[in-house]
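Residues per chain, in single letters:
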Number of protein chains: 2
Amino acid sequence: MLKLSRKTEYALMALRHLYGKTTEQLTSSKEIAATYRIPGELLAKTLQQLAREGIVETVQGPLGGYRLKVNLEKVSLTDFIELLEGPVALTDCSIDKNCDQLGTCTIRTPIHRINDTMKNVFNNVTLAEVMQ
Amino acid sequence: MLKLSRKTEYALMALRHLYGKTTEQLTSSKEIAATYRIPGELLAKTLQQLAREGIVETVQGPLGGYRLKVNLEKVSLTDFIELLEGPVALTDCSIDKNCDQLGTCTIRTPIHRINDTMKNVFNNVTLAEVMQ
DNA sequence: ACTTATACGACCTCTAAGGTCGGATTAAAC
DNA sequence: GTTTAATCCGACCTTAGAGGTCGTATAAGT
Ligand code: SF4
Ligand code: SF4
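Everything quoted here is computed from the prediction, not taken from an experiment. (Residues numbered from 1 in each chain as written. Chains lettered and ligands numbered in written order. Predicted model: local features only at pLDDT ≥ 70, side-chain atom pairs only at ≥ 80, totals over all residues. Heavy atoms only, no water.)

**Quick notes on the packing of helix H2 (residues 29-36) of chain A against helix H3 (residues 40-52) of chain A**
Think of two packed helices as two axes; the pair is described by the angle between the axes and how far apart they sit. All names here are of chain A. Rules: Between N-to-C directions, angles cover 0 to 180 degrees, with each direction set by a line fitted to C-alpha atoms, over the stretch in contact for helices. Segments assigned H or I by DSSP are reported as helices when at least four residues long, segments assigned E as strands when at least two residues long, and all are numbered from the N terminus. Angles below 35 degrees are treated as roughly parallel, those above 145 as roughly antiparallel, those between 65 and 115 as roughly perpendicular, and all remaining angles as oblique. A crossing counts as left-handed when the near helix is turned anticlockwise from the far one by less than a right angle, and as right-handed when that turn is clockwise. Residues count as neighbours in contact if any of their non-hydrogen atoms are within 4.5 Å of one another. The classification used treats Ala, Val, Leu, Ile, Met, Phe, Trp, Tyr, Cys and Pro as nonpolar, Asp, Glu, Lys and Arg as charged, and all other residues, Gly among them, as polar.
Following both chains from N to C, one finds H2 and H3 inclined at 130 degrees, their axes separated by 9 Å at the closest point. Here H2 is positioned oblique relative to H3, judged by the angle of their axes. As H2 packs across H3, the resulting crossing turns out to be right-handed. Listed contacts from H3 to Ser29, Ile32 and Ala33 of H2 are Gly40, Leu43, Ala44 and Leu47. When its residues are assigned to classes, the contact of H2 with H3 shows 5 nonpolar, 2 polar and no charged.

Here's what the structure looks like:
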């Protein structure tokens, strides 16, 4: 499985939309949602989250909307996914979480190795590259 | 969050257990479950599934149990995960599944590129390597 | 004032992961 | 041949999270 969440996909499409625009130019959440047939309320919430995290900037009121804040070449896909979905890890033990098998597990070490490799793939992709 | 399912982890631990034994030597599902504190019924079902898929061999009756059937160097991690969890893909469109955004999606192509890279990571790892 | 946007939290629904249970089948051991 | 210890198989339960909706507050341009 190893699927990306819908929220992340929507967020990427929104960023892609903002990416084309000139700095300072605003786009409303509603407009983006309509363009790509994304559930409006969900996208709005997601953009709000991205605003809190400093990825986009918001202007309230009529004629308000969102615009990019950071340079997308400086943000790795890992950073972005973790912003929205929490830690990227193949197993619970790759992060804090305790697991009933912690004491008896025989595959932890090799799994961690693979986990690192996979995470490197995402680390080496910037958001700017996803916009191509 | 791109996590492996519990079932897959249990299956890997079980394979790791069988990997050490000589061919022909049998181990019962119950014994493996007890050794690693894995829910017995769940492991049993998982091993049955692996038997149907031809990864392990089973002998019924008392003194029965499981033993490896295939050479673990010939099985990629992708194959294994897909056996247990279904297709490995970052998005629905990477497999058949239709998606409401299929017509309007702007990130499909780059996502597919990343999907391929990620899948290659798992393709290039054999189960034998996970047993190390 | 009115309108149009973001902001935020509560809530709902559905699916799948994870686990449990009960019983059927097979075959070694007595 | 009965018992016993294992695999087999499907039905079921529970919970967490994904995905989405709603109502309302707040900000700002006209
Ligand atoms: S300790 Fe083993 S079973 Fe537990 S999360 Fe880590 S890899 Fe999985
Ligand atoms: S078409 Fe776009 S939104 Fe739909 S699954 Fe593929 S990548 Fe995701």
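Past the structure itself, the notes keep going.
**A closer look at helix H5 (residues 108-123) of chain A**
Using the following cut-off: Here the expected span of a helix is defined as 1.5 Å times the quantity of residues minus one. The buried label applies to any residue whose accessible area, calculated with a 1.4 Å probe on protein chains only, is under 20% of its type's maximum; exposed applies above 50%, and partly exposed to all values in between. Along the arc lie the directions from the helix axis toward the C-beta atoms.
Across its 16 residues, H5 of chain A extends 22 Å between first and last C-alpha, which sits within 8% of the 22 Å expected from 1.5 Å per residue. Among the residues of H5 of chain A, Pro110, Ile111, Ile114, Asn115, Met118, Val121 and Phe122 of chain A are the ones counted as buried. One side of H5 of chain A holds all its buried residues, which, seen down the axis, span an arc of 140 degrees. The secondary structure elements touched by the buried residues of H5 of chain A are helix H4 (77-85) of chain A together with helix H1 (6-20), helix H4 (77-85), helix H5 (108-123) and helix H6 (127-130) of chain B.

**Side note on the nonpolar core**
What counts, and what does not: Only buried Ala, Val, Leu, Ile, Met, Phe, Trp, Tyr and Cys residues count toward a nonpolar core, and they belong to the same one when joined by side-chain atoms within 4.5 Å.
Ranked by internal contacts, the top residues of the largest apolar core, which has 77 residues, are Leu15, Leu50 and Phe122 of chain A together with Leu15, Leu50 and Phe122 of chain B. Setting aside anything within four residues of it in sequence, one finds leucine 15 of chain B in contact with Leu50, Ile55, Val56, Leu68, Leu72, Phe80, Leu127 and Met131 of chain B.

**Quick word on the protein's contact with DNA strand C**
Note the threshold: One heavy atom within 4 Å of a molecule or strand is enough for the residue carrying it to be called near that molecule or strand. Polar contact is defined as a pair of N or O atoms within 3.5 Å, subject to the rule that within protein one atom must be able to donate a hydrogen and the other to accept it, and that residues adjacent in sequence are counted only when both atoms are side-chain atoms.
Taken together, 24 residues sit near DNA strand C, with Ser29, Thr58, Gln60 and Tyr66 of chain A together with Gln60 of chain B positioned nearest. Put simply, 75% of the atoms of DNA strand C that lie within 4 Å of the protein are in sugar or phosphate. Between a base nitrogen of DNA strand C and a side-chain N or O atom of glutamine 48 of chain A, the distance comes to 3.3 Å. Measuring from a base oxygen of DNA strand C, one finds a backbone N or O atom of proline 62 of chain A at 3.4 Å. At the level of elements, H3, strand E1 (56-59) and strand E2 (65-68) of chain A together with H1 and helix H3 (40-52) of chain B are the ones that each hand at least two residues to the surface near DNA strand C. Of the residues that constitute the surface near DNA strand C, the class distribution is 8 nonpolar, 10 polar and 6 charged.

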